[in-house]
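Read off the chains here:
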Amino acid sequence: MVAILSVLSALGVVFFKNAVRSALSLVATFALLSVLYLTLDAQLLAWTQLVVYAGAIMVLFLFVIMVLNLSKQPALIERRDPKLMLATLLGFGFAGIIGVQVVTPLLPPSEIVKDPVLAPNGFGQPQAIGMALFTDYGYPFEAISVLLLVGIVGSILLAKRRLR
Amino acid sequence: MNGVPMAAYLLLGLVLFTIGVVGVVIRRSPIVIFMCIELMLNAVNLTTLAFARYLPQFVAGRERGHTAVAGEMIVIFIMAVAAAEVAVGLGIIMAIFRLRDSTDIDQMNVLRG
Amino acid sequence: MGDSDFSYVPWIVFTPLLGFLFQALLGKFLIDRLGARGRWFCGFAAVLVVAFPFLLGVAAAFKLAGMAPAMRGTMVTVAPWIDLVGFRAPLEFYVDPLSITMVLVVTGVGSLIHLYATGYMAEDADYPRFFTYMNLFIVAMLILVLAGNLPLLFVGWEGVGLCSYLLIGFWYKDHANAKAANKAFIFNRVGDLGFVLGLFLLFCVLARSAGSVPDGRFLSFDLIRVQLVNAIGANPGYATAIALLLFVGACGKSAQFPLYSWLPDAMAGPTPVSALIHAATMVTAGVFMLNRMYPVFQASPVAGGVIAAIGAFTALFAALIAFGQMDIKKVLAFSTVSQLGFMFVACGAGAYDAGMFHVVTHAFFKALLFLGAGAVIHAMAHNQDLRNYGGLRKYLPITFLTVMAGFLAIAGFPYLAGFASKEEILGSAIGNGAVVVRISGFVALFTAFLTAVYMARLAGLTFFGAERWRELPEPHAHEDQALPALMEDEPDPNRFYYTAAELAEREAHAAHADHHELGPEHKPHEAPLSMSIPLIALAIPSLLAGFILGGERLQNWLYPAGVKPGLLGWDAPPWLPWVSGAAALLGIAYGLRTYMKGLPADQGWDMGKWNPLRRLSADQFHYDAELMAGMSVGGRTVGLALSKGFDPLFVDGTVNATGYTAGALGLMLRKLQSGYVRFYALTMLIGVLAIVGYLLYASKGGASL
Amino acid sequence: MFQYAPPSIEWLTILPILTVVVTGVIALLIELLRPKGANGVAVAVSLIGLVVAAGFTVIGFARPEAETFAGMAIRDGFGSSIELIVIVVTALAVLFSDSYLREKGIAFGEFYPLALWSASGAMMMATTRNLLMVFIGLEVLSVSLYVLAGLSRSEEKSEEAAIKYFLLGAFASGFFLYGLAFFYGATGTTHLSGFADAIQADYSPTKGLLIAGLGLMLVGFSFKSGFVPFHQWTPDVYQGAPTNVTAFMAGIAKLGALAALWRVLEVYTGWQTTWMPAMIWVAILTMSVGNLAALVQKDVKRILGYSSISHAGYMLVAVLAHAKSPQTVSDFSLLYYLFGYSLMTIGAFAIVSLTARSGKEGTRLEDLRGLAYRSPFVATCLVIFMFSLIGLPPTVGFVGKLLIFNAAVQANLMPLAIVLAVNSAVSAFYYLGIVWAVMGKEQGEPKPWTIELGPRVACVLCAFGVLAAAIFVGPVQGWLSEQHRATQATPVLVSRG
Amino acid sequence: MGLLSLITFAPIIGALIIALIPAEHVKAIKGLAMVTAIATLGFSLFIFGQFKPGDFHFQLLESIPWIPSLGIRYQVGVDGISLWMVVMTAVLGVVATGVSLYESKRVKAFMILLLLLETTMLGTFVAVDMILFYTFFEAALLPIALLIWIWGDENRKKAAVRVFIYLFAGSILMLVGMIVLAQRTQLATGHLSFSLIDVQAAVANGKLWAGALSLEVWVFWAFALAFLIKSPAFPFHTWLVDSYTQAPTGAVLLGVLVKTGTYGLIRFCITLFPEALPRAAPAIMGLAVVGILYGGAVAAVQLDIKKLIAFSSLAHVGFIVLGAFSLSYNGLVGAVLGGVNHGFATGALFLLVGLLYLRRRSRGVNEFGGLKAQMPVFAALFLISTLAAVGLPGTNAFVGEFLSLLGTFESGIAHTVGLSVGYAVLAAAGVILAAVYMLILFQKLFYGEPKLPAIRRLRDLRGWEVALALVPTALILWGGIYPATFTGPMQASVNATRMMGMNSANQRPAWGNSAQSLDERLNLYQGAEQVAPAGVHAQGPIAAYNAARPEDGP
């Protein structure tokens, strides 16, 4: 159910002509996904998803859309573009290939489902994640900080007024 | 916890990913394209979490918890990266909007040939 | 220097070489400095360096004569030349009766002609250049005759060709001369093709059979004869091939039928050149070479037949053409071609010594005739047309007498030189066993009659009858060419050009030699002493050579019995001397009777009135014209087709097409680079699908590259 | 409550990266402190930092191979070599950037920290076998480059380049991440060693995951390296971005991506029958498309952009050769070519950047006309770079191609060697076009150029490097293999002294 | 630094010094360039003196590792085949520099490039390592292309591009071939080496190509193609025509450039591919013969002097290639000798035409005429060069072409290369064509009355020009009169080269075996084997040869 909804809202992102509506449907997708995360026992990530994506990132998006006044812009899908057909076709192709070749082997007869489906110990708990972040994943964590720094400096640089 | 097979999550991830991919190709607004990319990233997150959750037992010689954490780490880092990308990407879109009053990606082809 | 006995022989070659270097390097300088005395000195040096080898040759001849016939062959090695491990052709001279005979002819006749030239060319601005070439020619000719091996002979062979080329084009201001020179060179080249191939084949045959000659001197004459018997005995076909190929070379050099037509054109050169090169010496090189290589020819009767037939045909053909010629030198030229044909008939018949005999006598009387003609031309302000002559005997008595001697000799007046040598030729041919050769002999006999007639025509038209130049119109005065426009505005920092002042001085310095043309007021004058002496000197052997050398004397000298085996004997029919003598006398009588009266009406200035046959003959039966037109037009067409058609289209074309294809592909790719992000994303998507799809496909074991 | 046990860490392993990052921070602080000043200090600090980092790398070279941070970072000869090259590239780019940016009127001090961080991203990619780390490095590298590409904000083409690069880059990242997820799904880890375990487990349902994961990751790397058909951003971005950024990007992006590709394919060697044909075709297409398209270009930067595609193809040949027969083909050919390519490209771009004069920049071929008259020295350098790019001896381009040829032949990849050869010939045409433009005569009197110290030094270093690296390739390699022997990292090179 | 390195890098050292002189000091630059060229010539003569003729191995070897991991070395040496090439390059270097003293446009760059070009040529001839050879071989393109581009005539740009691309494209596959050779060497001997000595040693014992015939044929063609293009043989000559036509006067060294191609054919194609050789030889000889006839026919209708020389070069190179691939001893000597001879002959022609061009700025055959009266000394020098081009005995060209043709004929008679007799006949016919086009050229330039007023104002050559032109012309004559100077040092090497290509495995001499000498295994005459099998003579012909002429030492 949640899955179907999320798919629908994701389609909305693509097919809404209005950027604001696209964005809102993306928010919906994110929210639905966080629900799914919960079903996967990943509580922390679910909340993070909500906060980071639905909250922060999408706000940014909407902000930019508003600033640029994109909602007023005309529809930006050309209906007759062969690209559209081709892209959809290729999309189906991609999904088909991956689905048949990669996901199908993982369907129920395989061992994965036989396994009693219990979340691993501490799965999704903040402690475990925190532990990992500060031990084994300390280095990437630091690297990410560099990345965020880049993001900050970069966006400032891009948004700065003209050079002296 | 429930009887939903992992493959279902994977399929959902695949569908979302594909939608994102198709969206990137067919939309003309860079903002929306960017949103579609975010959709792709989320699809990846979902897939990864599904793997982490269902913990492939077949992975020999690896401690289960360790494995699961790895998946969660991927998700976290992807989120962080997405945040940074958003900051920069929107900055670029802002900058280009300031230069010209349109964000139609198809009008951006000064560079070609 | 190898053999002490003949260690001076190389100086036969080196002396004129020194003369050549002297003329080339110092001649102009001397004349500029010393003027007339410089001229005299140059001329003297030029004659001296040819006369001195003659003395050496005489010495060598006496020494050879004093040796046992079997010992008369000495190799004098001077220096290495082509000097490879497996193939050596040193600079070596082979001293034997044959080479020394030729040395004597070349230097003897050569020095007389040099002497003559000092008078004939006295007024020419390029006096030293002339003697440079002439001396170089003597060098090359002596190398040719003295060469100890075939490649070295080829050096001389080509060397004389070069000098011939240079001398034909000596008067360089006229492109016609240059064209004649080119023609001579190129025709000779065609012959050389055969010569070289024959040489190669000979080498291969010898090398194969010999396995290894320790010092690799395969083509040296002292060894060829020894080796050849073994080599060819196994493959008689090779002998024919080699012989015919070599004969092609001889055809080129000695102006035989398919390749004769350069020789008449070569008359564009100064007359001493014609006498020396195109009558006495160089053109006989083919006959000499046949003598030199006689074992090969001897081994192939087929080749002998071919040679005799071609010789006879050429003799007849050229004699017929001679009837149509009005240029005094052209008549002589065709006569030379014809006489050379005689020599080849002899060689084809196996009477190599008879061929050589005729070479020697022909050298005397033909040189004499040319020199005489030169004296006439000299006297007639360089006009060469028989129709302008007539009645010259009273103006040029010495010339008249000597030329008459030459005329009688060539016409085969009994017991003169020409009669003697021709007698042997005809005898050998008619007495030969092979039918072809015998027919050739009869053709030659008929040609001998023709010879007498056309030579009488020449003599009659020149020396008898009315003084026809008196009827000529007054010549035009030369107009001086204006000095070139000055281009002072063009900068000339490197001083490439003469300044105006220098140019004026230069033009003044090269004040035109006093050119005068033949006109009604012209008064012919006898040639200076330097020209008369050679005439007289040559007239004597022309008359007497038959007595001196005839009667198998030359044969015993060149081909002593028992030493050079297998020379064909012949059985001349007893009636021959009578018949040939009669033919000659008849011809002379008929010719003189016709032409002493003056120019016959049907041979006048208006070609339209000529007998059609004579017109054909004047045009060499269209042979030369058609051949030259075919060659030059055909060659040009092919060359242009390749140059303008094939080269740009295919050679350049493929290159350009490759470039264009690449460029077109680039343009196509450029179109794909549309600038649209979404299109880029689409291609990426295609790529993703392709790669992932392929990998999954391949992982199922489905594919390999 | 948390048992926090600090893991034992070989700090030296990441010390070069750390140094670069910290230098970036310092440079940023300098920019903040004196925003109105010239950027000389920032340049100096950056260079000093890079030198120090290089020093640490060299020190690390001699140490034994090590993997630390729970397998997140690795130190081996290959990684350290890449790090060194990255440092050199960055230093050279920094050297000539200052004057260019000033001339262009975009002297943002942020360039230096961003460039340094970007470099650190490339270094991270090169020194890890963990795909997560590869991804983060990739993002650090890319995000900085996105920003830098749009540095010239008043220029439409710069911004266009930035957005194209950004959107397509993020798109490609998405694929890469999907692949990463698959890999993780199959192995339970993001470390490449998981592959071996997975193979050992031989669990067939996940095989598809591994394969598809590889394919998707290849897409990511291919995009960054500019392989066909993921190349189309390259010419646009190269042309649009500020020239110094293009130079930097040309070197650095390939370094990171190819290093990571190298490590991934090294692991996947066992399955090469599956992916090798595909990659061979990618290599063939990459080489050919880049060269053919460059033939008809008129803009120098665009030409160099296309040429970078084909050079990426050449390097892919080196990678494939190693992956095909790792026992006989060492990493030297790739490293050497990367180094050489970086030198010649940066040198070329440095010279192109000289055309920028007071805000205007002409990068078309005719804008280079008369360079030989204006500055023979610079023209000579450019000629050297172009002939090196063609692969004419005795330049680094030649020796590099020689090494790749050798690698390809050794690995029995003759078709690739031949395609490479043919492509070299094709490429000569457009490089010559640049040379001719330089040699050509300008309208009017030649105006001599004054060239500042920075670009001058950069040109000299590049030109010198291009020649010296070719002539002294023996000692360089000797030194490297000595380090290798110390660490026992790669198979001993077969050679005859 | 050894002697060979010295000579190779002497021009570059000169060029570096010139680079330091400010461009305004034109005189100093020209002087220094001349000094450098003459010094190089001096070194080359010294090398000539040091050379020991009887030995077929590389002499004066120097060897420094370059890329040790690939077994690539800086290895230089000379043998009999390269010795005269080096001297020739040095001689023509002097000539080229000399005539370039007239250059007035960007003199400094010109001289630097010219000296650079000389270094690359010298390097090509002394390189023993294949990669080093390739390095010099290719590096020559840079100066050549730039010389044509900047200082060439009206169509220089197209010519420069074409020269560069064509030659570069032609030889790049050879690089792959070299690598294959080295790899096979490694397979055969266990050592990776690009040294010609090592590679050839592996070829000599038959291990290198064991069981890889098709590969051998492919690699052979990779090499052959590169060299045929550079030589250039028949369908590959378009670059030559362009570059000869457009090159500046100073580019006399272009004549040497094409010699690197024929040199490569002999050095690589014959020694390293014994099994592929007999299969390929008829085809290559066929190309050569077509080139001879085609070059002659096309040259005969050219109206551009330099184009004419270019097509004549095509024909002459045909003789060289023909001789080389006749695989007979005489033919090979003819080919090596022909390379040297043609170098001098074209050098002289190029120089003289250049001097004419400097005066009149015209290359049209029909725009001259009557020069003989105006410039007699020039005419004499030109005549000698013409005769050399015609292949007249007494000039060096004759000896080379004669031996080439003889060798071809020989190989045909012995059925070594079946079609050779036909080839020899056709090629000999090409000699006629040579006479046709050269004599027409000579006639049009020199005979007749001066048509144009400007020609009547022309001075004869100046003293130093004569001196300069005398250098190659004197060598032309010397080579014709005393060719032993040329053939003497090259014989042992040529013989070894031939046996490398002709003998069966293990019978081939090897450069790698420094103790080996050729006696007793000499087998000069093809087809004579049945009569006198190899090794019968107690004293081999070379020994006999040396005994016969002991005084002819260096």
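The structure under discussion appears in the preceding block.
So, a few notes on the structure that sits alongside this text. (Residues numbered from 1 in each chain as written. Chains lettered and ligands numbered in written order. Predicted model: local features only at pLDDT ≥ 70, side-chain atom pairs only at ≥ 80, totals over all residues. Heavy atoms only, no water.)

1. Thoughts on the overall build of chain D
- A tally of helices and strands in chain D yields 19 helices and 2 strands.
- For chain D, whose C-alpha radius of gyration is 22 Å, the value lies close to the compact-globule estimate of 23 Å for 497 residues.
- Projected onto the principal axes, the alpha-carbon positions of chain D cover approximately 75 × 60 × 45 Å.
- Classification of the 497 residues of chain D by burial places 74% in the buried group.
- Long-range pairs, those at least 24 residues apart, make up 80% of the contacts in chain D between residues at least 6 apart in sequence.
- For chain D, the accessible area works out to roughly 12,800 Å², and carbon and sulfur atoms hold 65% of it.
- Charge-centre separation for chain D: the mean point of 29 positive side chains lies 6 Å from the mean point of 27 negative side chains. (Helix = DSSP H or I, 4+ residues; strand = E, 2+ residues; numbered from the N terminus. Rg over C-alpha atoms; globule rule 2.2 N^0.38 Å. Buried < 20%, exposed > 50% of the residue type's maximum accessible area, 1.4 Å probe, protein only. Contact = heavy atoms within 4.5 Å. Areas by Shrake-Rupley, 256 points an atom, 1.4 Å probe, with all protein chains shown as cover. Lys, Arg positive; Asp, Glu negative; His and termini not counted. Charge placed at Lys NZ, Arg CZ, Asp CG, Glu CD.)

2. Examining the interface of chain B and chain C
- Each partner contributes to the interface: chain B provides 14 residues, whereas chain C provides 11 residues.
- Between chain B and chain C, roughly 980 Å² of surface is buried when both sides are summed, and carbon and sulfur atoms account for 62% of that area.
- On the chain B side of the contact with chain C, V25, D106 and G113 of chain B bury the most area, a combined 49% of that side's loss.
- Our count for the contact surface shared by chain B and chain C stands at 0 salt bridges.
- Here chain B is connected to chain C by 1 residue pair in polar contact (both at pLDDT 80 or more).
- It is helix α1 (residues 6–26) of chain B that contributes the most residues to the side of chain B that touches chain C, 4 residues altogether.
- Partitioned by chemical class, the residues of the side of chain B that touches chain C number 8 nonpolar, 2 polar and 4 charged. (Buried area = accessible area lost by both parts, 1.4 Å probe. Salt bridge = Lys/Arg side-chain N within 4 Å of Asp/Glu carboxyl O. Polar contact = N/O pair within 3.5 Å; in protein donor to acceptor, adjacent residues only side chain to side chain. Nonpolar A, V, L, I, M, F, W, Y, C, P; charged D, E, K, R; others polar.)

3. Section: unusual backbone geometry
- The linkage connecting V228 of chain D with the following residue, P229 of chain D, adopts the cis geometry, with an omega of 5 degrees.
- With respect to the element layout, P229 of chain D can be found in the loop between α8 (207–225) and α9 (233–240).
- Across the junction of S231 of chain E and P232 of chain E, the peptide omega takes the value -10 degrees, indicating a cis bond.
- For P232 of chain E, the location among the structural elements is in the loop between α9 (213–230) and α10 (238–246).
- Non-glycine residue A381 of chain C carries a positive phi angle of around 55 degrees.
- Here A381 of chain C is to be found in the loop between α15 (352–379) and α16 (397–411).
- Despite not being glycine, H622 of chain C shows a phi value in the positive range, around 65 degrees.
- Residue position: H622 of chain C is located in the loop between α23 (612–618) and α24 (623–672).

4. Quick notes on the interface of chain A and chain B
- Chain A puts 79 residues into the contact, and the matching count from chain B is 75 residues.
- Note on chain A versus chain B: buried area summed over both sides is about 6,700 Å², and carbon and sulfur give 78% of it.
- Linking chain A to chain B there are 1 salt bridge.
- With a shortest N-O distance of 2.7 Å, D41 of chain A and R53 of chain B are connected by a salt bridge.
- Sorting the residues of the side of chain A that touches chain B by element identifies α1 (2–15), α2 (19–39), α3 (43–68), α4 (82–103), α5 (111–114), α6 (126–134) and α7 (138–159) of chain A as the ones contributing at least two each.
- Considering each element in turn, the side of chain A that touches chain B owes the most residues, 12 residues, to α3 of chain A.
- Looking at the side of chain A that touches chain B residue by residue, the classes come out as 59 nonpolar, 13 polar and 7 charged.

5. Here we look at the pattern of salt bridges
- According to the stated counting rule, one finds 29 salt bridges over all chains in the structure shown.
- Residue R387 of chain C is joined to D385 of chain C by a salt bridge in which the shortest nitrogen-to-oxygen separation is 2.9 Å. Both residues of the pair, R387 of chain C and D385 of chain C, belong to the buried class.
- Across the salt bridge formed by E155 of chain D and K104 of chain D, the nearest N and O atoms sit 2.7 Å from each other. Here E155 of chain D is found in the loop between α5 (131–149) and α6 (156–187), whereas its partner K104 of chain D is found in helix α3 (residues 77–104), with 51 residues between them in sequence.
- Assessed through its relative accessible area of 9%, K104 of chain D is described here as buried.
- Through salt bridges with shared partners, one network takes in E160, K164, D236 and R302 of chain D.

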